[in-house]
Amino acid sequence: MHSFTARHLTPWAPAIAAASAFVLYASFAILMWRIHYSPSWDLGIFTQMLSQYAQGNAPIVDIKGPGYNLWGDHFHPILILLTPLFWVFPSGLTLMLAQAALFAASVWPVVSLAFERLTVRGAWLLAFSYVLSWGLLNAVHSQFHEIAFGVPLLAFGLVWWIRGRRLSAVVAIGLLVFVKEDLGLTVAVFGLVVWLRDRSELRLALALIAWGVGWMVYAVMLFLPLFNPEGGYDYTENVSLAQTLTDGLTVKIGTVGFLALAAGAIGLRSPYMLLMLPTLAWRFAGTVEGYWDTSFHYSAVLMPIAAVSLIDGAGRAHRSLAPLVAAIAAAALLSQTKADLFWTSEGHAVDAGGAIEEASQYGSVATDVRLLAYLAPHARTYWYGSMEDAVPEAVVLRPDDVDSAIEPWAEERFDGDWETVYSSGGYDLVVPAG
C-alpha cells in the first residue's frame, strides 16, 4: 500500500505541495483580514500605492506622510504588475492573496527538483520544511511586501539554472533588480556563483554582476533620491558598520543557525548559499532590531536559496538525512512564527466592520494601523501618527490608540470642535462639529 501510494502521488507532488501551500498561506491571510489584524502599517501603504496605480496616478501614499511619493522609499517597479488585479478587486486582501499565490508558486520548482535529486522520502520532507518554513510563514504574517515577487523568481531561477535552462534562469534572476534595490547585489553574487562553478562563464558572470550592481546604484543614487522628499535614500541612516559586530550578536548568530538548518546543514557546502550574503549583510549592519531575527518578512527570499542549496549540496548519503534535519527544524521553529493565530485569533479580533463602513463615506480619514488597508481604496487615508499638518474630514480611532477620548484628542490635535457621529466595536468616528 505504501509503495502504491508513493508511486502514484510522486508525479503530483509539486502540485500537491504548491496547492497545500496556497491553502495554508491564503487561509492565514483571510483569517487576519477577517479579524482586522495588522502587525504594521505596510499593508496599508501598499494598498494605497496600488489604489493610486489603479487610477493612473503616481504612488502618492499619504499613510507615509501627506503627499509622500512612494517611488522615493524603495525601488519596486515590479509591483505595477498587480494593477490589473487591483482594478478588479481593490482591496488589501487582494495583495495578501496575491502574495500567497506567489509564495505557493515558488514551491513547485523547489519540490520538483527535490524529487529529481533526493529520495522520495527526502523530497517529501523537503516539501514539508519549505512550505512550513519560518521565513515564509512570517512573511505571510507580515501581510504584504514587494519581496512576494522575489521568492518565486529566486526559486524558478535557481532551479532552471541547475537544469541547464540558462536563458530562463538568467531572466528570472535578472528581474530581481525590479523587486527591491538591495536584490541587485543578490543578482551580482549569482554572477559570482556562476563563475565559481564554471570558470569558462566569465562573460556571463561579469554581465550579471554589472546588471545587478548597476541597477542597485541607479536606484539608490539616482531614482530614489529624485522622488524622496529629503532628496536622499532613507535607509542609509539605518546602517551602522561600527555596531555590526557587537549589537544583537546572539540574535544574529541564531538567525544564521536557523538558516543553516533550513538548508539541512549540508546545504552550507553549496555555493548557492552565498546568495544569502547580501541580504544578511544589510540586515546585520542595520540598527533596526527587527532586521536581525526571524520575525517579519526579511528572510522570505532566503528560503528558496536554503532549499535549493540543500538539494544541490546533498550527496547520496544525505539525500534523506539532510531533508529530515530541515523538516525537524521547520517543525521546531514554528514556535518562531505566528501560526498560533489559527487558534488564538479571537484574542486579537476587533469588531471594526461598522466603523470602516461609516468612515468610507468621507473623502479623507485618519485612523490606526488596523484600518489603513480597509479604508485606503475608498478615501484619502492617513495614519494618525504621520499626518503632520494635514486635517482630515474624519477621524476613526479607539481611545486606547491615543490614551484619550477621541473627541478631545481631535480638538487638541486639529483645533476647533469635533463631535462623535459613530461609536461601536471600540471605535469612535469623529468629525468637525457643525
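A quick note: this is a predicted structure, and the numbers were derived from the prediction, not measured.

Draft legend 1. Structural view of the pattern of salt bridges. Applying the stated criterion to the full structure yields eight salt bridges. One salt bridge in this structure joins R166 and E201, with 2.3 Å as the shortest N-O distance. Separated by 35 residues along the polypeptide, R166 in helix α9 (residues 166-174) and E201 in the loop between α10 (183-197) and α11 (202-227) bring together distant segments of the chain. Among the ionic pairs, D368 bridges to R398, the shortest N-O distance being 3.5 Å. On the criterion of sequence distance, the pair formed by D368 in the loop between β1 (364-367) and α19 (372-375) and R398 in the loop between β3 (394-397) and α20 (399-402) is long-range, its members being 30 residues apart. The network of salt bridges with shared partners includes D368, R398 and D401.

Draft legend 2. Broad picture of the domain arrangement of the chain. Domains assigned within the chain are domain 1 (8-36 + 74-343) and domain 2 (353-432). Taken together, the contacts link eight residues of domain 1 with six residues of domain 2. Taken over both partners, the interface formed by domain 1 and domain 2 buries close to 530 Å², and the fraction arising from carbon and sulfur atoms is 61%. Of all residues in domain 1, W33, H36 and P90 give up the largest surface area on contact with domain 2, accounting jointly for 84% of the area buried on that side. Summed over the shared surface of domain 1 and domain 2, the number is zero salt bridges. Seen at the junction of domain 1 and domain 2, the total is two residue pairs in polar contact (both at pLDDT 80 or more).

Draft legend 3. Focus on a nonpolar patch on the surface. Together, L185, V213, V217, Y218, M221 and L222 make up a nonpolar patch on the protein surface, roughly 510 Å² of accessible area in all. At five residues, the largest contribution of residues to the nonpolar patch is made by α11. Secondary-structure assignment places V217 in helix α11.

Draft legend 4. Highlighting helix α15 (residues 302-313). Over its 12 residues, α15 runs 16 Å from end to end, which matches the ideal 16 Å to within 8%, given 1.5 Å per residue. Burial runs high along α15: 11 of the 12 residues are buried. Within α15, burial applies to L302, M303, P304, I305, A306, A307, V308, S309, L310, I311 and G313.

Draft legend 5. Broad picture of the layout of surface pockets. Taken as a whole, the largest pocket encloses approximately 910 Å³ of empty space. Lining the largest pocket are 35 residues; nearest its centre among them are H74, K180, Y235, W282 and Y291. Sorting the residues of the lining of the largest pocket by element identifies α3 (42-54), α11 and α14 (277-285) as the ones contributing at least two each. At four residues, the largest contribution of residues to the lining of the largest pocket is made by α14. Classifying every residue of the lining of the largest pocket by side-chain character gives 20 nonpolar, eight polar and seven charged.

Draft legend 6. Spotlight on empty space enclosed by the protein. Within this structure, the stated rule accounts for three cavities of 30 Å³ or more. If you list the elements that add at least two residues to the lining of the largest cavity, you get α6 (120-131), α13 (249-262), α15 and α16 (321-332). Here the residues of the lining of the largest cavity are counted per class, giving 13 nonpolar, two polar and no charged. What the second largest cavity holds in volume is close to 90 Å³. Forming the walls of the second largest cavity are I147, K180, D182, L183, T279, W282, H297, Y298, A300 and V301.

Draft legend 7. Looking closely at the packing of aromatic side chains. Overall, the coordinates contain 29 aromatic pairs when judged by the stated rule. Between Y25 and F103 the ring centres are 6.3 Å apart and the planes differ by 90°, which places this aromatic pair in the edge-to-face class. Of this pair, Y25 sits in helix α2 (residues 13-34) while F103 sits in helix α5 (residues 92-117), and the two are 78 residues apart along the sequence. The residues Y25 and F103 share a single accessibility class, namely buried. In this structure an aromatic cluster arises from ring pairing among W71, F75, F178, W211, W215, Y218, F223 and F227. Positioned above the aromatic ring of W292, the side-chain terminus of K252 is 4.7 Å from the ring centre.

Criteria and thresholds
- Here the residue numbers are simple positions, counted from 1 along each chain's written sequence.
- Where totals are concerned, whole chains, interfaces and linings use all residues; where local detail is concerned, this predicted model gives features only for residues with pLDDT of at least 70, and gives and counts side-chain atom pairs only at 80 or more.
- Side-chain metrics rest on all non-hydrogen atoms present in the structure, leaving aside hydrogens and water.
- Note on definitions: salt bridges are taken to be side-chain nitrogens of Lys or Arg within 4 Å of carboxyl oxygens of Asp or Glu.
- Here a helix means four or more residues in a row that DSSP labels H or I, a strand means two or more in a row labelled E, and each is numbered from the N terminus.
- Here the limits of each domain have been adopted from an automatic or database domain assignment.
- The criterion used for residue contact is that any of the two residues' heavy atoms lie within 4.5 Å.
- Here's the idea: put two parts together, see how much 1.4 Å probe accessible area each one loses, and the total over both is what we call buried area.
- Polar contact criterion, stated in full: a pair of N or O atoms within 3.5 Å, where within protein one must be able to donate a hydrogen and the other to accept it, and residues adjacent in sequence count only if both atoms are side-chain atoms.
- Patch building starts from residues that exceed 30% relative accessible area and form no salt bridge, then joins like charges within 9 Å and nonpolar side chains (Val, Leu, Ile, Met, Phe, Trp, Tyr) within 5 Å.
- Exposure was quantified through the Shrake-Rupley algorithm and a 1.4 Å probe, taking into account, for residues, occlusion by the shown protein chains and nothing else.
- Given the number of residues in a helix, its expected span is that number minus one, multiplied by 1.5 Å.
- Exposed residues in this analysis have more than 50% of their type's maximum accessible area, buried residues have under 20%, and partly exposed residues fall in between, with area computed by a 1.4 Å probe over protein chains only.
- Cavities and pockets were defined on a 1 Å grid built over protein atoms only: a cavity is a set of grid points that admits a 1.4 Å probe from which the probe cannot escape, a pocket is an open set flanked by protein on both sides within 12 Å along at least five of seven lines, and lining residues are those with an atom within 4 Å of any such point.
- Grid points are joined across faces, edges and corners, and a volume is the space filled by probe spheres set on the points.
- Residues were grouped as follows: Ala, Val, Leu, Ile, Met, Phe, Trp, Tyr, Cys and Pro as nonpolar; Asp, Glu, Lys and Arg as charged; and all remaining residues, including Gly, as polar.
- The criterion for an aromatic pair is that two Phe, Tyr or Trp rings (for Trp, the six-membered ring) have centres within 6.5 Å, with stacked assigned to planes under 30 degrees apart, edge-to-face to planes over 60 apart and tilted to the rest.
- Note on geometry: a ring has a charge over it if NZ (lysine) or CZ (arginine) is within 6 Å of the ring centre and within 35 degrees of the ring normal.

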